[in-house]
Amino acid sequence: TIELRNHYMLKKGRKISQESSEFVTSQLKRSSVNADIVCWGSPDLINNNHRRMEPEHNSEYANASYWEQRFQKEEQYDWLGTLKDFKEMLFERHPQLLERKDKPMLILGCGNSTLSHELNQLSFTDITSIDYSQTVIDKMRTKYVDVKGLKWEMADMRYMAMFQDQSFDFIL
């Protein structure tokens, strides 16, 4: 069962389309996720330096093979920018995040972003980051092996039976 009490879609600090919001919400509902806050980014935020890694057609984003190939070559990229790009807005709209840093948080489609680590550096102590590329999960586990409070799991956000209902208080 999903219960999204405060969800919105981020696009460099702005809301993105209702259609995109409805798609992510429908995927989360199929996953039995329960959370206070859901923020989601969009892959259309790629800067020109990363255009060379983008698929010819957007439909390829749905293929795990695209992500495996991409993450074999790419070491780090922040789709939304770094936490500093949107943390003021996030914490201003949701100050309870700062009061509940020990509560479980889920990062969807973490890729090779620095977001999980940046949140951990702000004293968030229970962060699970998922992606459906085993390559990137293995790389992130290796990169942050000595960082307490970060967990990396290979999972598809559409099928998260590995997590019990109400496992997370926050989803980004």
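1. Remarks on the pairing of strand 6 (residues 150-154)
Consecutive side chains of a regular strand alternate in pointing toward one face of the sheet and then the other.
Now for step 1: Where strand 5 (residues 127-131) meets strand 6, 5 bridges bridge the pair, whose relative direction is parallel. Across the sheet, Ile130 pairs through a bridge with Glu153, a residue of strand 6.
Now for step 2: Between the parallel pair strand 5 and strand 6, the chain is carried across by helix 6 (residues 134-143), and the sense of this crossover is right-handed.

2. A closer look at the confidence of the model for the protein chain
Now for step 1: Chain-level statistics for the protein chain give a pLDDT mean of 78 and a share of 70% at 70 or above.
Now for step 2: A low-confidence stretch, residues 1-16 (pLDDT under 50), is modelled with 57 contacts involving residues beyond four sequence positions or located in other chains.

3. Some words on the environment of Gln134
Now for step 1: Tracing the chain through its elements places Gln134 in helix 6.
Now for step 2: Given the relative accessible area of 30%, Gln134 is considered partly exposed.
Now for step 3: Considered as a pair, Gln134 and Ala64 are 70 residues apart in the sequence and their alpha carbons are 9.3 Å apart.

4. A word on the packing of helix 2 (residues 64-73) against helix 6
Now for step 1: Running from N to C, helix 2 and helix 6 cross one another at 35°; their axes reach a closest spacing of 7 Å. Between helix 2 and helix 6, the contacting residues are Glu68, Phe71, Gln72 and Lys73 on the first element and Gln134, Thr135, Val136 and Lys139 on the second.

5. Some words on the pattern of salt bridges
Now for step 1: Under the criterion given, the structure shown has 7 salt bridges.
Now for step 2: Each member of the salt-bridge network shares a partner with another, and the members are Asp138, Arg141 and Glu153.

6. What to know about helix 6
Now for step 1: Along helix 6, the positions that sit buried rather than exposed are Thr135, Val136, Ile137 and Met140.
Now for step 2: Buried residues in helix 6 make contact with helix 2, strand 5 and strand 6.

7. Observations regarding the packing of aromatic side chains
Now for step 1: Considering all chains together, one arrives at 7 aromatic pairs under this definition.
Now for step 2: With a centroid separation of 5.8 Å and 15° between ring planes, the pair formed by Tyr144 and Trp152 is classed as stacked. Accessibility assignment for this pair places Tyr144 and Trp152 in one class, buried.
Now for step 3: Relative to Phe168, the ring of Phe163 has its centre 5.1 Å away and its plane inclined at 75°; by these criteria the two rings are edge-to-face. Here Phe163 and Phe168 have matching classes, each one buried.
Now for step 4: In this structure an aromatic cluster arises from ring pairing among Tyr61, Tyr66, Trp67 and Phe71.
Now for step 5: The residue whose ring lies beneath Lys101 is Phe124, and the NZ or CZ to ring-centre distance is 5.6 Å.

8. With respect to unusual backbone geometry
Most peptide bonds take the trans form, and the phi angle of most residues other than glycine is negative.
Now for step 1: Despite not being glycine, Ser123 has its phi angle at roughly 80°, a positive value.
Now for step 2: With respect to the element layout, Ser123 can be found in the loop between helix 5 (115-121) and strand 5.
Now for step 3: The backbone phi angle of Gln166 is positive, close to 60°, even though this residue is not glycine.
Now for step 4: Checked against the element boundaries, Gln166 lands in the loop between strand 6 and strand 7 (170-171).
Now for step 5: Judged by relative accessible area, Gln166 falls into the exposed class, the value being 59%.

9. Comments concerning the side chain of Ser129
Now for step 1: When you line up the elements, Ser129 lands in strand 5.
Now for step 2: A residue is classified by how much of its surface remains accessible, and Ser129, at 0% relative accessible area, is buried.
Now for step 3: One polar contact links Ser129 to Ser116, side chain to side chain, over a distance of 2.5 Å.
Now for step 4: Setting aside residues no more than four positions away along its own chain, Ser129 makes contact with Ile107, Cys110, Ser116, Ile137, Lys151, Trp152 and Glu153.

Procedures and definitions
- Residues numbered from 1 in each chain as written.
- Predicted model: local features only at pLDDT ≥ 70, side-chain atom pairs only at ≥ 80, totals over all residues.
- Heavy atoms only, no water.
- Pairing = 2+ DSSP bridges.
- Helix = DSSP H or I, 4+ residues; strand = E, 2+ residues; numbered from the N terminus.
- Right-handed = clockwise from strand over helix to strand, strands pointing away.
- pLDDT = per-residue confidence, 0-100.
- Contact = heavy atoms within 4.5 Å.
- Buried < 20%, exposed > 50% of the residue type's maximum accessible area, 1.4 Å probe, protein only.
- Axes fitted to C-alpha atoms, helices over the stretch in contact; angles between N-to-C directions.
- Salt bridge = Lys/Arg side-chain N within 4 Å of Asp/Glu carboxyl O.
- Phe/Tyr/Trp six-rings, centres within 6.5 Å; stacked < 30°, edge-to-face > 60°.
- Lys NZ or Arg CZ within 6 Å of the ring centre and 35° of its normal.
- Polar contact = N/O pair within 3.5 Å; in protein donor to acceptor, adjacent residues only side chain to side chain.

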